Amino acid sequence: KNTYETANAIKGMSLRTAQQYLEDVCQKKRCVPFRVYKGCIGRTPQAKEFKMSQGRWPIKSAKILLDLLRNAESNAEFKNLDTENLTITHIQV
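Let me begin by describing the structure that accompanies this report.

What counts and what doesn't
- Residues numbered from 1 in each chain as written.
- Predicted model: local features only at pLDDT ≥ 70, side-chain atom pairs only at ≥ 80, totals over all residues.
- Heavy atoms only, no water.
- Patch = residues over 30% accessible without salt bridge, like charges linked within 9 Å, V, L, I, M, F, W, Y side chains within 5 Å.
- Areas by Shrake-Rupley, 256 points an atom, 1.4 Å probe, with all protein chains shown as cover.
- Salt bridge = Lys/Arg side-chain N within 4 Å of Asp/Glu carboxyl O.
- Helix = DSSP H or I, 4+ residues; strand = E, 2+ residues; numbered from the N terminus.
- Buried < 20%, exposed > 50% of the residue type's maximum accessible area, 1.4 Å probe, protein only.
- Phe/Tyr/Trp six-rings, centres within 6.5 Å; stacked < 30°, edge-to-face > 60°.
- Core = buried A, V, L, I, M, F, W, Y, C linked by side-chain atoms within 4.5 Å.
- Contact = heavy atoms within 4.5 Å.

## Some words on a nonpolar patch on the surface
On the surface, Tyr-4, Val-36, Tyr-37 and Val-93 cluster together into a nonpolar patch covering about 370 Å² of accessible area. Relative to the elements of secondary structure, Tyr-37 occurs in the loop between strand 1 (32-33) and strand 2 (55-56). A relative accessible area of 37% means that Tyr-37 is categorised as partly exposed.

Dropping the structure here:
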């Protein structure tokens with residue numbers, strides 16, 4: 001459930017901004033808004049960025065998705081794609 005919410009938070013972002021966002025989540029500077037699985041989720045003012053009130057900092061899920069993005073970046077470099085223009089359009093958990 002945490003990974004689902006984290007993946008939805010980075011959907012539509014570019015690769016660099018998604019990596020920076022997940023690093024900020026690991027340092028608890030920014031939160032992940034919980035939209036679907038939000039029962040018993042505490043409220044935090046950091047969720048106002050997404051016009052939500054409930055959010056958490058799923059560090060384990062953020063690290064897993066960082067590894068996934070690093071893998072996607074290396075695949076793009078292998079295929080001679082421009083890694084600066086990569087955006088996350090589809091992510092499935």
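## What about the packing of aromatic side chains?
Under the definition given, this model contains 2 aromatic pairs. A ring pair is formed by Tyr-4 and Tyr-37, whose centres lie 5.7 Å apart and whose planes are at 80°; its orientation type is edge-to-face. Placement of Tyr-4 in helix 1 (residues 2-10) and of Tyr-37 in the loop between strand 1 and strand 2 is noted, with a sequence separation of 33 residues between them. You can call Tyr-4 partly exposed: its relative accessible area is 32%. Here Tyr-21 and Phe-50 contribute two aromatic rings whose centre-to-centre distance is 6.1 Å and whose plane-to-plane angle is 75°, an arrangement assigned as edge-to-face. With Tyr-21 in helix 2 (residues 15-26) and Phe-50 in the loop between strand 1 and strand 2, this pair connects stretches of sequence that are 29 residues apart. With a relative accessible area of 0%, Tyr-21 lands in the buried category.

## Here's the deal with the nonpolar core
With 19 residues, the main nonpolar core has Ile-10, Tyr-21, Leu-22 and Leu-69 as its most contacted residues. Sorting the residues of this core by element identifies helix 1, helix 2 and helix 3 (59-78) as the ones contributing at least two each. Looking at this core element by element, the count peaks at 5 residues for helix 2. In contact with Leu-22, not counting residues within four places along its chain, are Thr-6, Ile-10, Ala-62, Leu-65, Leu-66 and Leu-69.

## Considerations on the pattern of salt bridges
The tally for this structure, following the rule as stated, stands at 4 salt bridges. For the salt bridge of Glu-73 with Arg-16, the shortest nitrogen-to-oxygen distance reads 3.0 Å. Taken together, the residues span a long stretch of sequence, with Glu-73 in helix 3 and Arg-16 in helix 2 at a distance of 57 residues. A residue is classified by how much of its surface remains accessible, and Arg-16, at 33% relative accessible area, is partly exposed. Notably, a salt bridge pairs Arg-70 with Asp-67, separated by 2.7 Å at the nearest N-O pair. Taken together, the residues Arg-70 and Asp-67, both in helix 3 and 3 residues apart, mark about one turn of the helix. Residue Arg-70 is classed as partly exposed on the basis of its relative accessible area, which comes to 49%. Classification of Asp-67 as partly exposed rests on a relative accessible area of 44%. The network of salt bridges with common partners includes Arg-16, Glu-73 and Glu-84.

All we've got here are geometric facts, nothing functional implied.
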